[in-house]
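Structural characterization, general
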Amino acid sequence: MESERPDPDQLLAEVKAAAMREQRGRLKIFFGASAGVGKTFAMLAATQALRRAGTDVVVGLLETHGRAETAAMLEGLEQLPPLMLDVQGAPINEFDLDAALRRRPTLLLVDELAHTNAPGARHPKRWQDVDELLGAGINVYTTLNVQHIESLNDVIGQITGVRVSETLPDTFFATADEVELIDLSADELLKRLREGKVYVPQQIERALDNFFKKGNLIALRELALRQTADRVDAQMRQYREEKAIVPIWAAGERIVVAIGPSLRGEHYVRAAKRLADALDAPWHAVYVETPQLLRLPQAQRSRILAHLTLAELLGAKTSVLSGPRVADELINFAGENNATKLLLGPPSTHGLRRWLFGSVVDTLTKRLRGIDLQIIADIDQARSRTGFADQLSRSKAYLGIDESKPKSRKQRWPGYVEAVAVCLIATALSWGLFGRFEATNLVMLYLLGVLVVAYRLGRGPAIVASVLSVALFDFLFVPPYYSFAVSDTQYLFTFGVMLIVGLLISSLTTSIRLQARVAQHRQIRTEALYTMTRELSRAGSLDEVTTIAVRHVSTVFQAQAVVLLPTASGAIAHPKAPGIYGSFHGADLGVARWVHANRVAAGLGTHTLPGADALYLPLAAAHQLVGVLAVLPSRQDRLMIPEQRHLVETFAGQIAAAIERVQLASERVNLARRAETESLRNSLLNAISHDLRTPLAVLVGASSSLAESADTLSEGARHELAATIHDEAQRMSVLVSNLLDMARLESGNAQIKRQWSSLEELIGSVLTRLGDPLSGHPVNVALPDDLPLINVDPVLIEQVLANLLENAAKYTPAGTSIDVSADATDNRVAVEIADRGPGIPAGEEARLFDKFYRLKSESAQSGVGLGLAICKAIIVAHGGTIIAMNRPGGGALFRFELPAAEPPTVESETESESSARTAP
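The helix and strand inventory of the chain stands at 30 helices and 25 strands. A burial count over the chain gives 41% of its 920 residues as buried. Put simply, of all contacts in the chain between residues at least 6 apart along the chain, 69% involve residues at least 24 apart.

The structure is reproduced here in structure tokens:
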């Protein structure tokens, strides 16, 4: 059959996946419920067997935990030395990934897959080390406990009261080529624990009182068994898909129940639930929407929604399928889900109609292979209508469907009028062609009209057009004319075929039209989800995320929506800017807070607070609950359809992920800022602890000498001590001034008092002031004669020049020259200060301008490393740039550039001054 042909794209993807698996190493996980079940021992036993068979086996890292029998199993196995990492002064043994890659054995043992590596390792998690090994083609054996699987972390934490911090992503666990369950009963494990085979004696009593309670161990064992069984089931499905195996493999019971608009649907759902409980099997409730069922009245559609919602409440997975034939969709769905039992009600058609057209039950009976078909018996017909009507009313009230509102009826008679008009147009065209063409050829015009009516107006008008076309053709174009009598009996066959073809065309066209409409709606929803996801991925702030989310939810579901976020105290509250966060201003905070606290949806269409007008969904991200999405639909039944409900839940998941991403990004920025602040604080403390303590010690010593021995000291000694006090006080003053200047510049409070200044005068003033520091260095100044005036703050620019010149004098040998030069372009003025000192180490040029940064060679020099940082801050505040580089021939060169502008003319200045003098 065409439907059983393999998909070429799927085959190509499977081939590529298989090729990638061939290149990767194989991963085997020895899986257990808890520590002590024997995972490491079983792994070593399997490894020893492979070693004896000649396999190149190496132990990468393995923890024996003091167990003698485990240590004995290591005999004869090559072990890699551990990687020693220093963590806060303590040596830590970690797995040496690079050594393993260099050794490249056939099989490598790496214990404790979920382990968190110490700082300094290449990857933060050991499973990432294993992933790199697999990528290099190395096979790996490893161990894992069930409590370390990410998706089970909260469940196990609730059971045991212990939340483990080391977890493994489910996606990586699913990539394992083999998982071997090492199972041990709770009693046997407790026996091993008391015998000291799990923990050292001093830890046994504490373990028995906490994690190793018998109830905990039983629950963990069940979770491990279920996780392994689910994995085996997934492997079986994958194998069936890869081998294109169509027959069902009844490895485990799975039930599918088909429901429809029948009043007995609720009975079918409850019967399937009872059977699923008896067999302890998962079950699905399925509704197949065919083109015929698309035209159901609202009452029957509400009935279907009630049945599907009831199935979800009873634990079923619900699905809404779409296709032309119910039987085909049920067979495909049952096969894809490896169902073993298919349940549905008895045939709804009987007698001649069933004999001619068959029924869903008949088709399934003929075509089902490997699936048990069970027909659910109807209950007593005498009480079925009243009983089920009552049940339906209760279901609708439960779902919040209000039928008291009057329903508007769409007027259908204009469609029938248009159908008659199309037939009259076809008749007029045929009348014009009559006599030139055979009468039977005119039938095509009528069939064309039926096709147009069916495509544009639907089934009812198309049927009317079919019957009317036959009547008009007989009355006008078949002898005897203007009579419905037929002289030639062969026209009776023509009429019959014409009517049948017209009805078939109308039916097929209407079905295609309805299916196209459904496909269009689904495409619109899919595109809306894609568009929202794409926009959310580009959003950079919380306001952007919530605005995008509310806009798309409101548009797709024709509803009012609002994103409710927790405040700093953790309580859900209305947003301060409702226009940004949503258009639904009347959200019930009580319901929203309940949803946020319990992480469960509530409100419209749920089993919690179903009387609420809106649906409240928890915005659950990967690591936290970030808020609540409230949706108030314009029509309540819009969110009752399971397909729509699943779609809005998908929207909520994408919104939650986007909100968490933005919040994590903001946290990263804050952490980086705090780390930078902490680093600056430490640098400041390290710097001033030396540079303040040294002059203070000199000041204390000199002043105490003057105070205690002033009478005995000579005049020269007292003068020398006073000069020392003055020099050290001056040094401290410069240090404190630099700190204050840097703080003022960074805070933005520094006021730049610009005035037109001569660069030559600024340099001369600085050289005069720095006569003593520059006394050991000849300074060569080369300035062009046409150097323009610059509009700067002269005090700040003098500070830049002074810091650069003092820096050059401080770090260059005595007697070496310092060169000062300048040049100008149309819009920039550049100043260079160069020396012939040791220069700047490669790669350190940009870091020189960082706060508190000093070269290692500067350790003997005084200062806290703020001089160049202040220079950069001043130049940037003026709109300029500053760089440092090594000078050709040796030495360092500092160059800063400032914006140049056309200075005002003398005449304009004179005019402005005179106008200022004459102003009243």
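This part is about the sheet that holds strand 8 (residues 178–182). Taken together, the six strands give an open sheet; going across it, the order is 3-2-6-7-1-8, and neighbouring strands pair in parallel fashion. Each of the sheet's edge strands pairs with one partner strand only, and the pair in question is strand 3 (78–79) and strand 8. This element, helix 2 (residues 39–52), spans strand 1 (27–32), strand 2 (57–61), strand 6 (107–110), strand 7 (139–145) and strand 8 of the sheet and lies at about 165° to strand 7. Contacts from helix 5 (residues 126–135) reach strand 1, strand 2, strand 6 and strand 7, with the element oriented near 175° to strand 6.

Applying the stated criterion to the full structure yields five aromatic pairs. A centroid spacing of 5.2 Å and a plane angle of 45° characterise the contact between W127 and F172, whose relative ring orientation is tilted. Within this pair, whereas W127 is found in helix 5, its partner F172 is found in helix 7 (residues 170–174), the two being separated by 45 residues in sequence. The exposure class of W127 is buried, given its relative accessible area of 17%. Between F849 and F894, the ring centres sit 6.3 Å apart and the planes meet at 85°, which makes this aromatic pair edge-to-face. Here F894 lies in strand 25 (residues 892–899) and F849 lies in the loop between strand 23 (828–834) and helix 29 (867–877), a separation of 45 residues in the sequence. The same class applies to F849 and to F894, which are both buried.

At E112, a residue that is not glycine, the phi angle is positive and equals roughly 55°. Here E112 lies in the loop between strand 6 and helix 5. For E112, a relative accessible area of 28% puts it in the partly exposed group. Residue Q558 is not a glycine yet carries a positive backbone phi of 45°. For Q558, the location among the structural elements is in the loop between helix 21 (542–556) and strand 14 (559–566). Residue class for Q558 comes out partly exposed when judged on its relative accessible area of 43%.

Moving on, we get to the side chain of E798. Within the secondary structure layout, E798 lies in helix 28 (residues 794–810). The exposure class of E798 is buried, given its relative accessible area of 17%. A distance of 3.4 Å separates the side chain of E798 from the side chain of S765, its partner in a polar contact. Look past the residues within four positions of E798 in its chain and what remains in contact with it is L762, S765, V766 and R769.

Here we come to the sheet that holds strand 23. The strand order across the open sheet built from five strands is 20-22-23-25-24, with neighbouring strands paired in mixed fashion. Of all strands in the sheet, those with a lone pairing partner are strand 20 (779–782) and strand 24 (881–886), marking the two edges. Each neighbouring strand pair of the sheet contributes to a mean axis angle of 15°, computed without reference to strand direction. Pairing analysis gives four bridges linking strand 20 to strand 22 (residues 818–824), with the strands arranged parallel. Across the sheet, V779 pairs through a bridge with I818, a residue of strand 22.

Here we take up the nonpolar core. Counting 40 residues, the largest nonpolar core has L801 and F896 as the members making the most contacts within it. Of all elements in the fold, only helix 27 (759–769), strand 21 (790–792), helix 28, strand 22, strand 23, helix 29, strand 24 and strand 25 reach the threshold of two or more residues within this core. Residue contributions to this core peak at nine residues, all from helix 28. The contacts of F896, once residues within four sequence positions are left out, are V800, L801, L804, V829, A830, V831, I875, T881 and I882. Counting residues in hydrophobic clusters, the runner-up holds 34 residues, among them M532, F557, V563 and A621.

Right, let's talk about empty space enclosed by the protein for a bit. On inspection of all chains with the given rule, the structure shows four cavities of 30 Å³ or more. In terms of lining residues, the second largest cavity is bounded by A33, S34, L184, S185, A186, L189, L217, I218 and R221. Residue assignment for the lining of the second largest cavity shows that the elements contributing at least two residues are helix 8 (186–194) and helix 10 (214–242). Within the lining of the second largest cavity, the residues separate by chemical class into six nonpolar, two polar and one charged.

Inspection of the secondary structure assignment puts E649 in helix 24 (residues 642–691). Spatially, the C-alpha atoms of E649 and L619 are 9.1 Å apart, while their sequence positions differ by 30 residues.

With that settled, consider the environment of R52. Along the polypeptide, R52 turns up in helix 2. Counting along the chain gives 24 residues from R52 to G76, while the straight-line C-alpha distance between them is 9.9 Å.

We now examine the pairing of strand 2. For strand 2, a buried count of five out of five residues is recorded, marking the element as mostly surrounded by other parts of the structure. Bridge count for strand 2 against strand 6 is four bridges, and the pairing is parallel. Within strand 6, the position partnered with V59 by the bridge is L109. Strand direction decides the pairing type here: strand 2 and strand 3, joined by two bridges, are parallel. Across the sheet, residue V59 finds its bridge partner in strand 3, namely Q79.

The next point concerns the packing of helix 17 (residues 413–433) against helix 18 (residues 443–457). Two numbers describe how helix 17 lies on helix 18: the axes approach to 9 Å, and their chain directions differ by 160°. The pairing of helix 17 with helix 18 is recorded here as roughly antiparallel in orientation. Here the hand of the crossing between helix 17 and helix 18 comes out right-handed. Contacts between helix 17 and helix 18 pair G415, E418, A419, V422, C423, A426, T427, L429, S430 and L433 from the former with L445, Y446, G449, V453 and L457 from the latter.

Before going further, it helps to examine the packing of helix 13 (residues 326–336) against helix 15 (residues 360–367). Between helix 13 and helix 15, whose axes approach to 9 Å, the crossing angle comes to 45°. The orientation of helix 13 relative to helix 15 falls into the category oblique. Note that helix 13 runs across helix 15; the crossing there is right-handed. Residues V326, A327, D328, L330 and I331 of helix 13 form the contact with helix 15, whose participating residues are V360, T363, L364 and R367.

Next up on the list: the environment of A71. Examined against the element boundaries, A71 turns out to sit in helix 3 (residues 68–72). Taking C-alpha positions, A71 is 9.6 Å from L44, a pair spaced 27 residues apart along the chain.

Another point: the confidence of the model for the chain. Predicted confidence across the chain gives a mean pLDDT of 77, with 78% of residues reaching 70 or more. With pLDDT under 50 throughout, residues 908–920 is counted as low confidence; its partners more than four residues away or in other chains account for one contact.

Moving on to a nonpolar patch on the surface. A cluster of nonpolar residues, Y416, V420, L424 and V464, forms a patch on the protein surface that exposes about 300 Å² of accessible area. When residues of the nonpolar patch are assigned to their parent elements, the largest contribution, three residues, is made by helix 17. On the secondary structure map, L424 appears in helix 17.

Thresholds, definitions, all that
- Residues numbered from 1 in each chain as written.
- Predicted model: local features only at pLDDT ≥ 70, side-chain atom pairs only at ≥ 80, totals over all residues.
- Heavy atoms only, no water.
- Helix = DSSP H or I, 4+ residues; strand = E, 2+ residues; numbered from the N terminus.
- Buried < 20%, exposed > 50% of the residue type's maximum accessible area, 1.4 Å probe, protein only.
- Contact = heavy atoms within 4.5 Å.
- Pairing = 2+ DSSP bridges.
- Axes fitted to C-alpha atoms, helices over the stretch in contact; angles between N-to-C directions.
- Phe/Tyr/Trp six-rings, centres within 6.5 Å; stacked < 30°, edge-to-face > 60°.
- Polar contact = N/O pair within 3.5 Å; in protein donor to acceptor, adjacent residues only side chain to side chain.
- Core = buried A, V, L, I, M, F, W, Y, C linked by side-chain atoms within 4.5 Å.
- 1 Å grid on protein atoms, 1.4 Å probe; cavity = no way out; pocket = protein on both sides within 12 Å on 5 of 7 lines; lining within 4 Å.
- Points joined across faces, edges and corners; volume = space filled by probe spheres on them.
- Nonpolar A, V, L, I, M, F, W, Y, C, P; charged D, E, K, R; others polar.
- Parallel < 35°, antiparallel > 145°, perpendicular 65-115°, else oblique.
- Left-handed = near helix turned anticlockwise from the far one by under 90°.
- pLDDT = per-residue confidence, 0-100.
- Patch = residues over 30% accessible without salt bridge, like charges linked within 9 Å, V, L, I, M, F, W, Y side chains within 5 Å.
- Areas by Shrake-Rupley, 256 points an atom, 1.4 Å probe, with all protein chains shown as cover.
- Salt bridge = Lys/Arg side-chain N within 4 Å of Asp/Glu carboxyl O.

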